[in-house]
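Coordinates in review
Residue strings, one per chain:
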Amino acid sequence: MSKEAQQEQQVRDFFDKHAPAYKTKYGRTDTFYEYFFYERLHAATKEINFAKKRVLDIGAGTGSLYDFLQMNADVQEYTAVDISAGMMSQSNIPRQQQLVGRCYELDYPCDEYDLIYLLGVTTYFDPKECKRVFDFIQSKLSTGGMAILTFTNTAGLDIKLRKLSSYPAKLLKGSEKVMAQDFKTYTYTLKEVLQMLPEGLEKRRLIYLNHTIFPFGKILPGPSVAVAKRIAKRLSNGPLLSSLSSDFLIFLSKVN
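This brings us to the overall build of the chain. Looking only at helices and strands, one finds ten helices and seven strands in the chain. Here the chain holds 256 residues, and 48% of them are scored as buried. Sequence separation of 24 or more characterises 75% of the internal contacts of the chain that already satisfy a separation of 6 or more. Surface exposure of the chain reaches about 13,000 Å², of which carbon and sulfur atoms provide 53%.

Structure below.
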């Protein structure tokens, strides 16, 4: 088995294993995860007109985006993709709207989509896989359409501290944390992402996310989230906010 295939299998097995408890564990009962996941979801959907749009959700997981759209939008078509059938089995997404596998190897009900989402997924993509997915997005996105993606931010202090903690975490046998797993995770700078874009995709907007710092986000979630929200209000996009953010959200449009 190639390293690439082994990485994918390890990631898939991890999420299949944790799928039954995923919504409960990473839901609104946890102050930090509620902030982390729902800040991302709100930022990715704010100011987007979903009316009669065709939406492709890559890495749909347990269906957070689908649940939001069901309550707040009138989309024409929604298609969910994930390598983990276990995760999607825990979602409210109708089975006929689910596709399991790599996004660029599947057959779709629509030739093009107006909105393509990729939230919380690129952490498991090496640069080669990122490039494949970007090329797929460029081919599948309608002209004038929008792709909304998140990346783990190399420049973020939170990420730097997590990396320092990752080796000790791997020594904790039985740990269920992502940082303790054998598969690799990847971080990116904005410059690296922009350099991977194929012709026809252009950056429109950038939002920095999650201004908590490890390990305080878990040890003191309430105060950490309160400070993070104040940081978001007071700082505009720039080097300082980037250094205080674990992730960034980028909006890409297809111009031709």
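Picking up where we left off.
Okay, the packing of helix 2 (residues 31–45) against helix 9 (residues 221–234) next. At their nearest, the axes of helix 2 and helix 9 sit 8 Å apart, and the two run at 30° to each other. Here helix 2 lies roughly parallel to helix 9, going by the angle between them. Of helix 9, the residues touching helix 2 (which contributes Thr-31, Phe-32 and Tyr-35) are Pro-221, Gly-222, Val-225, Ala-228 and Lys-229. Of the residues contributing to the contact of helix 2 with helix 9, the split by class is five nonpolar, two polar and one charged.

To continue, consider unusual backbone geometry. With a phi close to 60°, Lys-52 is a non-glycine residue in the positive phi region. With respect to the helices and strands, Lys-52 occurs in the loop between helix 2 and strand 1 (54–58). We classify Lys-52 as exposed; its relative accessible area is 55%. We note that Asn-210 has phi near 55°; this positive angle belongs to a residue other than glycine. Along the chain, the position of Asn-210 falls in the loop between strand 6 (201–209) and helix 8 (216–219).

Conventions we followed
- Residues numbered from 1 in each chain as written.
- Predicted model: local features only at pLDDT ≥ 70, side-chain atom pairs only at ≥ 80, totals over all residues.
- Heavy atoms only, no water.
- Helix = DSSP H or I, 4+ residues; strand = E, 2+ residues; numbered from the N terminus.
- Buried < 20%, exposed > 50% of the residue type's maximum accessible area, 1.4 Å probe, protein only.
- Contact = heavy atoms within 4.5 Å.
- Areas by Shrake-Rupley, 256 points an atom, 1.4 Å probe, with all protein chains shown as cover.
- Axes fitted to C-alpha atoms, helices over the stretch in contact; angles between N-to-C directions.
- Parallel < 35°, antiparallel > 145°, perpendicular 65-115°, else oblique.
- Nonpolar A, V, L, I, M, F, W, Y, C, P; charged D, E, K, R; others polar.

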